[in-house]
Every structure is written in structure tokens, then in C-alpha cells.
Amino acid sequence: MTYSLYIAVILVAGMVGGNLAKKIKLPSVTGYILMGLFLGPSVLNFVTSEVYYDFGFVGELALGMMAMSIGTELHYRIFKVFGKNLIILSLGNTLLTGVTVVLVTWFLGMPIHYALILGPLAMSVSPAGVLEIVKEKKAKGEMTQNLLGLVAFDNLVTILAFGMMVSFVQSLGNDGGTSGLLLVATVIIDILFAFLVGIIGGVFVSYFIRSEKTSSDRLLTLLIAAILFNSGAAFYFDLSPILTNMIAGVVISNLTSRKILISSLLSRIELPVFILFLTLSGSFIDISIIGQVGVIGLGYILARSFGRYLGIVIFSRFTSISEKVRFNLGFGLLPQGGIAIGLATIAERSLPEVSGAITGIVLTGVIFFQIFGPLLLGKALDRVGETEA
């Protein structure tokens with residue numbers, strides 16, 4: 001079958017799944033993912049693993065668009081109002097989540113050097129799972145603003161913590177500590193380089209946004225080019241495409257104050273891209289992995305859930321957010337997907353003795369959080385009264 005036919009079938013099937021989900025009061029995202037699961041190796045095997053990897057460019061574009069959209073939320077005025085809250089909540093909930101996952105998985109029998117890697121992986125949040133629900137629900141308000149900021153902050157903390165933890169675990173197997181320090185320095189340099197790439201892409205788009213001669217159609221073309229440049233450069237230099245596009249979004253928002261323009265431009269193409277990406281993500285899920293990881297996979301899910309929720313509840317007491325948001329915001333940080341899988345794959349390559357153990361556990365968590373995370377987020381937004389749909 002040709003790629004064109006694959007795309008046509010996946011788009012229509014994903015849209016049907018999303019509509020069916022909405023009819024039974026579930027988020028469209030859940031429908032896309034479940035339809036992908038149905039099309040994938042776990043059921044029909046229509047979308048094979050080879051097809052999934054052949055469409056890798058779709059994930060690059062979709063994740064880049066999401067990361068840039070979230071980055072535009074970090075305008076300096078927003079940071080001035082919510083900055084202190086975001087730093088406290090992000091550091092607090094990610095630290096508690098990571099430590100809880102490490103301790104629980106280690107207690108259940110995971111070797112300590114594997115558990116140390118699972119901790120940072122549990123900190124990541126799926127931009128797709130959050131952004132799609134926010135847009136579908138037309139959510140606006142205190143919780144929504146804090147949530148979008150936390151997605152950006154938490155993933156930044158995740159990338160930093162993951163890189164340093166992999167370096168630390170690698171250094172445990174070395175005779176001296178010098179190589180470990182060099183690895184940490186390499187991680188820091190990579191992050192700074194990712195910032196530089198993102199800044200270049202952001203400045204490029206900002207220049208044309210500020211120019212009154214550039215039409216909206218041309219701006220959309222330049223925006224897509226910048227997203228693909230950021231993602232392509234990131235993959236070429238082994239950087240984080242999420243981080244590069246997030247930084248580009250921050251730069252564009254702060255240099256032009258045109259967040260709404262970026263959102264309206266991306267909205268013209270985002271639905272088919274996101275349907276294709278999320279349906280393909282569902283096809284990547286292999287249900288059989290659940291039986292292989294057993295009780296440790298269940299422990300990972302429970303530890304991450306409790307860490308996320310309690311982290312927000314506990315550390316929000318040191319912030320100015322309202323009580324109703326305090327007891328609902330943690331549900332918004334449960335969705336997990338591509339970032340965790342990508343980082344788990346990097347860990348497997350960096351620590352070859354792991355032999356699939358980390359990826360198996362993370363995939364088990366992704367199956368749960370991809371399906372139930374958006375649902376819990378949608379209900380939480382409804383409870384705080386920030387939804388219109």
C-alpha cells in the first residue's frame with residue numbers, strides 16, 4: 001500500500017475515533033489513540049511498526065508545533081505574574097514525582113541504576129495530551145494558564161534531570177569520576193546549543209511577523225519552515241526538538257507579543273497533523289508489553305500518579321494559586337507520551353545492558369496515561385469552571 005493511502009485511512013479512522021469518543025463524553029484525543037491502537041500491531045496490524053517509523057516526520061512536525069505553541073505562553077508579562085508559582089510548582093512536583101518513582105520501582109525489584117533513570121522519565125508531560133484538551137475544551141483561566149506554563153517548565157526540568165542522571169549512571173560503571181563530569185558538561189553544552197538553535201528560529205520568524213508586508217499565508221509557510229528547521233537541527237546534533245521549538249516560541253512571543261497570531265496560523269493546519277500524529281502514536285502501543293513488566297509497571301503508574309498529584313497539592317501551599325486549582329492542577333500533568341518514549345530510547349542506547357527493561361515500563365505507563373490522562377485533565381478543567389465546550 002502506498003503512503004498516500006495509509007495517510008488517507010489513518011486520517012479518516014482517527015477522525016471517526018475522535019467523533020465516537022465525543023459521543024460518549026470522552027476527549028477526542030482518547031478516541032484518536034484508541035483507534036490507532038485498533039489499527040496497530042495489537043489488533044489489526046494495519047499500521048505496522050515499519051509504517052510507524054516511516055512516518056516519523058509527522059511526529060517531528062506535530063511535536064514541534066505543540067512545543068512552539070506552549071513556548072508562546074511564556075511571555076514575560078505572564079512570567080511576571082505566574083513566574084514564582086511556576087518555578088515552585090515545577091521543581092516541587094517533578095522532584096517529588098522522580099523520587100517517588102525511583103523508590104517505588106527500586107522497592108519492587110528494579111535495579112537501582114535502572115530506577116534512577118525511570119525517575120526523570122516520569123517527570124515528562126505530553127504536550128499533545130494537554131494542548132489538545134485545552135483547545136478542545138476552549139479552556140481559559142488560572143488553571144489553564146498555570147498548566148501550560150508547567151508543561152513547558154516540567155519538560156525543561158525533565159531534559160536537564162534526564163541528561164545528568166544518565167551521565168551519573170554511566171559514571172558508576174567507570175573507574176574514575178572524570179568521565180562522569182565530562183558527560184554532565186556535555187549535557188549542559190547540548191542544552192545551551194538547543195537554546196541557541198531555538199533563538200535563531202524564533203528571531204527569524206519574529207523578523208517577518210514584525211514586517212507588515214508579510215501576508216498570513218507566507219507567515220504560516222515561514223513558521224512551518226522554522227519548526228522543521230528547529231526539529232531537524234535538533235535531531236542532527238542530538239538535541240531536544242521539544243526544547244528548541246519551545247525556546248523559539250518564547251522568543252517569538254516576547255519579541256512580537258503576537259501569541260494569538262501564532263495560534264491562529266497553526267490552527268489552520270493543526271487538526272489533520274494532530275489526528276495523524278495521535279492515531280499513529282496509538283498504533284505504536286503494544287498491549288502485550290503490560291504482561292511483561294508486571295508489578296513494576298503498575299508501581300510506575302501509581303508512583304507517577306501520586307507524585308504528580310501530591311506534588312502540586314503540597315507545593316501549591318507556597319504559591320498564590322486558588323484552592324480549587326490546587327486540588328485539580330495535578331490531574332493536568334498526567335498525560336505522557338512521545339517525550340518519555342524518546343528519552344527511554346536514548347537511555348537504552350546509552351546503557352545497553354538495560355535490554356529493554358526501561359522502555360517496557362515506560363511504554364506501560366504511556367498506555368495508561370495516553371488513554372486516561374486526557375480524560376482526567378478534561379474533567380479537572382470542567383470542575384474548576386474554565387471550559388466552554
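Because the structure is predicted, anything quoted here is derived from the model rather than measured.

Draft legend 1. Examining the overall build of the protein more closely. When helices and strands are counted, the protein shows 17 helices and zero strands. Against the compact-globule benchmark of 21 Å for 389 residues, the protein has a radius of gyration of 20 Å, which places it among compact chains. Along the first, second and third principal axes, the C-alpha set of the protein runs to 60 × 45 × 45 Å. Across the 389 residues that make up the protein, the buried fraction comes to 55%. When the accessible surface of the protein is totalled, it reaches about 16800 Å², and 69% of it is carbon and sulfur.

Draft legend 2. Region of the structure containing the nonpolar core. Counting 106 residues, the largest nonpolar core has L118, L121, Y300, L329, I358 and V362 as the members making the most contacts within it. By residue number, the principal contributor to this core is helix α17 (residues 357-383), which donates 11 residues. One finds V187, A194, V197 and L243 within the second-largest nonpolar core, a separate group that totals 11 residues.

Draft legend 3. Region of interest: the packing of aromatic side chains. Under the defined criterion, the tally for this structure stands at 12 aromatic pairs. Summarising the aromatic geometry, the rings of Y236 and F237 are spaced 4.9 Å apart at their centres and angled 90° between planes, so their arrangement reads as edge-to-face. By relative accessible area, which is 66% here, Y236 ends up exposed. Overall, the relative accessible area of 40% leaves F237 in the partly exposed class. The structure contains a cluster of three or more aromatic residues connected by ring pairs, namely Y3, F55 and F57. The ring of F369 carries the charged tip of R304 above its face, separated from the ring centre by 4.5 Å.

Draft legend 4. Layout of the confidence of the model for the protein. For the protein, the mean per-residue pLDDT works out to 85, and 93% of the residues sit at or above 70. Helix α16 (residues 338-350) is the least confidently modelled element of the protein, averaging 71 in pLDDT, while helix α1 (residues 3-23) averages 92, the highest of any element.

Draft legend 5. View of helix α2 (residues 28-39). With 12 residues, α2 should reach 16 Å at 1.5 Å per residue; the first-to-last C-alpha distance of 17 Å fits that figure. Of all 12 residues in α2, 10 are buried, a share of seventy percent or more. Buried within α2 are the following residues: S28, V29, T30, G31, Y32, I33, M35, G36, L37 and L39.

Draft legend 6. Spotlight on the side chain of Q370. With respect to the helices and strands, the residue Q370 is situated in helix α17. The residues touching Q370, leaving out its near neighbours within four places in the chain, are I33, S126, S281, Q336 and G337.

Draft legend 7. The arrangement of the environment of M35 in detail. Tracing the chain through its elements places M35 in helix α2. Residues M35 and V16, spaced 19 residues apart in sequence, show a C-alpha to C-alpha distance of 8.3 Å. Leave out the neighbours within four places in its chain, and M35 touches A13, G14, V16, G17 and T279.

Draft legend 8. Layout of the packing of helix α4 (residues 56-71) against helix α13 (residues 270-284). Interhelical geometry of α4 versus α13 gives an angle of 120° and a closest axis separation of 9 Å. Of the possible angle classes, the one that applies to α4 and α13 is oblique. For the element pair α4 and α13, the recorded crossing hand is left-handed. Residues V58, G59, L61, A62, L63, M65 and M66 of α4 form the contact with α13, whose own contacting residues are E270, V273, F274, L276, F277 and L280. When its residues are assigned to classes, the contact of α4 with α13 shows 11 nonpolar, one polar and one charged.

Draft legend 9. Looking closely at the pattern of salt bridges. Summed over the entire model, instances satisfying the criterion amount to four salt bridges. Note that D217 and R268 form a salt bridge whose closest N and O atoms lie 2.4 Å from each other. Placement of the pair is D217 in helix α10 (residues 216-236) and R268 in the loop between α12 (259-267) and α13, with a sequence separation of 51 residues.

Draft legend 10. Molecular detail of the packing of helix α7 (residues 127-136) against α13. Orientation of α7 relative to α13, taken along the N-to-C sense of each, is 140°, at an axis distance of 12 Å. Classified by the angle between their axes, α7 and α13 sit oblique to one another. Remark: the crossing between α7 and α13 carries left-handed chirality. Contacts between α7 and α13 involve A128, E132 and K135 from the first element and E270, F274, F277 and L278 from the second. For the contact of α7 with α13, the class distribution of residues is four nonpolar, no polar and three charged.

Draft legend 11. Just α17, in detail. Taking 1.5 Å per residue, 27 residues should reach 39 Å; α17 reaches 38 Å between its end C-alpha atoms and fits that length. At F369, α17 shows its strongest bend, of approximately 35°. Burial of α17 is extensive: 19 of the 27 residues sit out of reach of the surface. G385 sits one or two residues past α17 and shows a positive phi near 75°.

About the cut-offs
Residues numbered from 1 in each chain as written. Predicted model: local features only at pLDDT ≥ 70, side-chain atom pairs only at ≥ 80, totals over all residues. Heavy atoms only, no water. Helix = DSSP H or I, 4+ residues; strand = E, 2+ residues; numbered from the N terminus. Rg over C-alpha atoms; globule rule 2.2 N^0.38 Å. Buried < 20%, exposed > 50% of the residue type's maximum accessible area, 1.4 Å probe, protein only. Areas by Shrake-Rupley, 256 points an atom, 1.4 Å probe, with all protein chains shown as cover. Core = buried A, V, L, I, M, F, W, Y, C linked by side-chain atoms within 4.5 Å. Phe/Tyr/Trp six-rings, centres within 6.5 Å; stacked < 30°, edge-to-face > 60°. Lys NZ or Arg CZ within 6 Å of the ring centre and 35° of its normal. pLDDT = per-residue confidence, 0-100. Expected span 1.5 Å × (residues − 1). Contact = heavy atoms within 4.5 Å. Axes fitted to C-alpha atoms, helices over the stretch in contact; angles between N-to-C directions. Parallel < 35°, antiparallel > 145°, perpendicular 65-115°, else oblique. Left-handed = near helix turned anticlockwise from the far one by under 90°. Nonpolar A, V, L, I, M, F, W, Y, C, P; charged D, E, K, R; others polar. Salt bridge = Lys/Arg side-chain N within 4 Å of Asp/Glu carboxyl O. Bend = angle between axes of the 7 residues up to and from the residue.

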